[in-house]
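As a plain string of letters, each chain reads:
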Amino acid sequence: MKEKPLALRLEDWIDEHIFGFAQNEGWFNAITYYAVRDPRYQRAEVCWSECLEKWRRSKPIAYPSFEEWKGMASQCDDTAHLVPHERRARATSRLVDPDRLAAAASQYMDWEAFAYWARPVLECQSQLPAEVRSEFRSRCPGFLGLIDSQRGQDGKATSQRWHQLMCWFADNFFQHAKTEGWFYAILIQVQNHPRAIRTIEYADHWDEMQGAHQPNPYPAFEAWRRDADAYVELAADQL
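Residues numbered from 1 in each chain as written. Predicted model: local features only at pLDDT ≥ 70, side-chain atom pairs only at ≥ 80, totals over all residues. Heavy atoms only, no water.

Undergrad: Give me the overall build of the chain: which residues, what numbers.
TA: Across its full length, the chain holds 15 helices and 0 strands. Counting only C-alpha atoms, the chain reaches 75 × 45 × 30 Å along its principal axes. Sequence separation of at least 24 residues holds for 68% of the intrachain contacts in the chain that already meet a minimum separation of 6. Of the accessible surface of the chain, which amounts to about 15600 Å², a share of 54% is contributed by carbon and sulfur atoms. (Helix = DSSP H or I, 4+ residues; strand = E, 2+ residues; numbered from the N terminus. Contact = heavy atoms within 4.5 Å. Areas by Shrake-Rupley, 256 points an atom, 1.4 Å probe, with all protein chains shown as cover.)

So, in structure tokens, the structure goes:
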């Protein structure tokens, strides 16, 4: 049997000896899922491909040390392998300080979680439960007024409420990011964030558990959010 190339054997060794604990506990795939989406990983991948191409033409006089190579990788464009429109979108993250972007992404995840909590009752034609109206009144009364103004409209308008709410959040709480041109950078950070993904998975799970009947009383948002943060989706063979 032909032996694996050295690079692949090194990868296997790292997986086994450095991340063996995660493999034993069954969550190693989660590490790789988020790692390949990290800009540092993508910069390293770009650096590797550029070095490979350059060194095929002319071998370096001296192979760089690992620290030197990491320095080279840190200067690479992490969007180089993306299609043009994705590169333009990702480039917007350079328009904002990383700490400010991280704070905005965290705020967006809070609002997105609120929207998922309210979604089941937003998309039905019945009156909003008192618990939901109270939360809307304290957090975003402007949108509650919009809902009330649409009362009596057809089911299509009702089904679009969730998307209206997400647009309302963007327009009212993230206008600075839109004006400064880095709102898309927020969405990119959020779509790959473990907390946001867990929230979406819990929202789907919760909706399936409730079926056609909504709980009475409707759960408080903070309690729902805690349950979402603690949610772990198990594979069928783990149930």
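And the narrative resumes.
Undergrad: A description of the nonpolar core should follow, citing residues and the corresponding values.
TA: Ranked by size, the top nonpolar core spans 44 residues in total, and within it Phe136, Phe169, Ile186 and Trp224 carry the most contacts. Every element with two or more residues in this core is listed here: helix H7 (98-122), helix H8 (130-139), helix H9 (141-149), helix H11 (161-173), helix H13 (183-191), helix H14 (194-210) and helix H15 (221-230). Here the element with the most residues in this core is H7; it accounts for 14 residues. In this structure, tryptophan 224 is in contact with Ala113, Tyr116, Trp117, Thr199, Tyr202, Ala203, Trp206 and Pro219, ignoring residues within four places of it in sequence. Listed in part, the 6 residues of the second largest apolar core include Val46, Cys47, Cys51 and Ala73. (Core = buried A, V, L, I, M, F, W, Y, C linked by side-chain atoms within 4.5 Å. Buried < 20%, exposed > 50% of the residue type's maximum accessible area, 1.4 Å probe, protein only.)

Undergrad: Requested: an account of H11, with residues and values cited.
TA: The end-to-end C-alpha separation of H11 is 18 Å, in line with the 18 Å expected for 13 residues at 1.5 Å each. All of the buried residues along H11 are Arg161, Trp162, Leu165, Met166, Trp168, Phe169 and Ala170. (Expected span 1.5 Å × (residues − 1).)

Undergrad: Tell me about the packing of aromatic side chains, and please be specific about residues and values.
TA: The full count for this structure, using the stated rule, is 27 aromatic pairs. Ring geometry for phenylalanine 19 and phenylalanine 21: centres 6.5 Å apart, planes at 40 degrees, overall tilted. What makes phenylalanine 19 partly exposed here is its relative accessible area of 28%. Phenylalanine 21 sits in the partly exposed class, given a relative accessible area of 42%. Ring centres of phenylalanine 19 and phenylalanine 28 lie 6.3 Å apart, and the angle between their planes is 50 degrees; this geometry places the pair in the tilted category. Classification of phenylalanine 28 by relative accessible area gives buried; the value is 14%. Lysine 178 extends its terminal NZ or CZ atom over the ring of phenylalanine 183, reaching a point 5.4 Å from the ring centre. (Phe/Tyr/Trp six-rings, centres within 6.5 Å; stacked < 30°, edge-to-face > 60°. Lys NZ or Arg CZ within 6 Å of the ring centre and 35° of its normal.)

Undergrad: Got a sec to walk through the packing of H7 against H11? Specific residues and values, please.
TA: Close contact between H7 and H11 brings their axes to 9 Å; oriented N to C, the two are set at 155 degrees. With respect to H11, the element H7 is oriented roughly antiparallel. Crossing handedness for the pair H7 and H11: right-handed. Residue-level contacts link Gln107, Tyr108, Trp111, Glu112, Phe114, Ala115, Tyr116, Arg119, Val121 and Leu122 of H7 to Arg161, Trp162, Leu165, Met166, Phe169 and Phe173 of H11. Taken together, the residues of the contact of H7 with H11 sort by class into 12 nonpolar, 1 polar and 3 charged. (Axes fitted to C-alpha atoms, helices over the stretch in contact; angles between N-to-C directions. Parallel < 35°, antiparallel > 145°, perpendicular 65-115°, else oblique. Left-handed = near helix turned anticlockwise from the far one by under 90°. Nonpolar A, V, L, I, M, F, W, Y, C, P; charged D, E, K, R; others polar.)

Undergrad: Explain a nonpolar patch on the surface to me, using residue names and the numbers behind them.
TA: Side chains of Leu10, Trp13, Ile14 and Ile18 sit close together on the surface and give an oily, nonpolar patch of about 370 Å² of accessible area. Turning to its location among the elements, leucine 10 is positioned in helix H1 (residues 6-17). With relative accessibility at 48%, the residue leucine 10 sits in the partly exposed group. (Patch = residues over 30% accessible without salt bridge, like charges linked within 9 Å, V, L, I, M, F, W, Y side chains within 5 Å. Salt bridge = Lys/Arg side-chain N within 4 Å of Asp/Glu carboxyl O.)

Undergrad: Tell me what's going on with the state of the cysteines, and back it up with residues and numbers.
TA: This structure, assessed with the given rule, holds 0 disulfides. Counting only cysteine sulfurs, cysteine 47 is the nearest neighbor of cysteine 76, a cysteine outside any disulfide, at a range of 4.1 Å. Overall, the relative accessible area of 12% leaves cysteine 76 in the buried class. No disulfide involves cysteine 140; its sulfur sits 14 Å from that of cysteine 167, the nearest cysteine. (Disulfide = S-S within 2.5 Å.)

Undergrad: Kindly report on the packing of H7 against H15, identifying the contributing residues and their values.
TA: Packing of H7 against H15 brings their axes to within 10 Å, and their N-to-C directions diverge by 105 degrees. Between H7 and H15, the crossing angle belongs to the class labelled roughly perpendicular. Counted together, Met109, Asp110, Ala113, Phe114, Tyr116 and Trp117 of H7 and Phe221, Trp224 and Arg225 of H15 form the full contact between these two elements.

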